[in-house]
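Chains, contacts and geometry: an overview
If you want the building blocks of each chain, they are given just below.
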Amino acid sequence: MTKPIIGITMFRENRTAGTYNSINYDYAKAIIEAGGIPIFLPVTDTNLCKEYLNIIDGILFSGGEDIAPHFFNEEPILKLGSVDSIRDNFELSLFKIAFERKIPILGICRGLQLINVAFFMY
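The residue numbers shown here count from 1 along each chain, following its written sequence. Only residues with pLDDT of at least 70 get local features here, since the model is predicted, and only at 80 or more are side-chain atom pairs given and counted; chain-wide, interface and lining totals rely on the full set of residues. Computation of side-chain values covers all heavy atoms of the structure but excludes hydrogens and water.

**Observations concerning the overall build of the chain**
Every helix listed is a DSSP run of H or I at least four residues long, and every strand listed is a run of E at least two residues long, numbered separately from the N terminus. The number of helices and strands found in the chain is four helices and six strands. Seen in sequence order, the chain has helices and strands lined up from the N terminus as β-β-β-α-β-α-β-α-β-α. Here the globule rule is a power law, 2.2 Å times the number of residues to the power 0.38, and the radius of gyration is based on C-alpha atoms. Taken against the 2.2 N^0.38 rule, which gives 14 Å for 122 residues, the C-alpha radius of gyration of the chain at 14 Å falls within 12% of a compact globule. Over its C-alpha atoms, taken along the principal directions, the chain stretches across nearly 50 × 35 × 25 Å. The burial tally for the chain puts 39% of its 122 residues in the buried class. Within the chain, residue pairs in contact and separated by at least 24 positions form 65% of the contacts whose partners lie at least 6 positions apart. In this scheme, a residue with accessible area under 20% of its type's maximum is buried, one over 50% is exposed, and one in between is partly exposed, where area comes from a 1.4 Å probe on protein chains only. Working rule for contacts: check all heavy atoms of both residues, and any pair within 4.5 Å makes them a contact.

Dropping the structure here:
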C-alpha cells in the first residue's frame, strides 16, 4: 500500500524581494506522522487546480488570514483582518474540484471557514 499524498495550501506574503508562498511546517509534520506524504500547494493560477488534484489523494486547507467578505455577499467590517482575494479564489477553485471528485478534504481554522464559504457559494 502506498502512502497517501496530501496537498497543503499555502499563504502568500509580500517581502521586499517579492511575493512568497509560505506555510508552517507543523502541517507537513502532522501529515508525515500520520503516514502521509505532504505536498505544498502554492497560490498560483486557478488553471493549475485540476493538475494539482490529479496528483494528490487528499487536501488540507490551512489556516491564515480572513476570507474576503465579498465571497459570501457581506461588506467588510472595521475588525476585519488582512485578506488575500487571490488566495481565496485559488482555494475556492481547488475546493470545488476536490469536492466534485470526492477527494478527502480537511480544513483547519481559516480552511474550515473556506469550506463553509464554498458551500455557501456552490
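Structure's up, so let's keep going.
**Concerning a nonpolar patch on the surface**
Residues Y25, I32 and F40 make up a contiguous nonpolar surface patch of roughly 290 Å² in combined accessible area. Considering the arrangement of structural elements, one finds Y25 in helix α1 (residues 25-33). Exposure above 30% relative accessible area and the lack of any salt bridge qualify a residue for a patch; like charges then connect within 9 Å, and the nonpolar side chains Val, Leu, Ile, Met, Phe, Trp and Tyr within 5 Å. Computed with the Shrake-Rupley method and a 1.4 Å probe, the accessible areas treat only the protein chains shown as cover for residues. Salt-bridge detection follows one rule: a side-chain nitrogen of Lys or Arg within 4 Å of a carboxyl oxygen of Asp or Glu.

**Here we look at helix α3 (residues 85-100)**
Between the first and last C-alpha of α3 there are 22 Å, a value that for 16 residues agrees with the 22 Å anticipated at 1.5 Å per step. Among all positions of α3, only R87, D88, F90, E91, L92, S93, L94, F95, I97 and A98 are buried. Directly beyond the C-terminal end of α3, a positive phi value near 60° is found at K102. Working rule for helices: expected span equals 1.5 Å times residues minus one.

**So, helix α4 (residues 110-121)**
Over its 12 residues, α4 runs 16 Å from end to end, which matches the ideal 16 Å to within 8%, given 1.5 Å per residue. Packing partners of the buried residues in α4 comprise β5 (58-61), α3 and β6 (105-107).

**Remarks on the packing of aromatic side chains**
For Phe, Tyr and Trp, where Trp contributes only its six-membered ring, two rings pair if their centres lie within 6.5 Å, and the inter-plane angle classes them as stacked under 30 degrees, edge-to-face over 60, or tilted in between. Applying the stated criterion across every chain, the model contains five aromatic pairs. Ring geometry for F99 and F119: centres 5.1 Å apart, planes at 90°, overall edge-to-face. Taken as a pair, F99 in helix α3 and F119 in helix α4 lie far apart in primary sequence, 20 residues in all. For F119, a relative accessible area of 45% gives the class partly exposed. Of the aromatic side chains, those joined through ring pairs into one cluster are F61, F95, F99 and F119. Over the ring of Y20 we find R15, and its NZ or CZ is 4.2 Å from the ring centre. Note on geometry: a ring has a charge over it if NZ (lysine) or CZ (arginine) is within 6 Å of the ring centre and within 35 degrees of the ring normal.

From the geometry alone we can't say anything about function, so treat these as descriptive.
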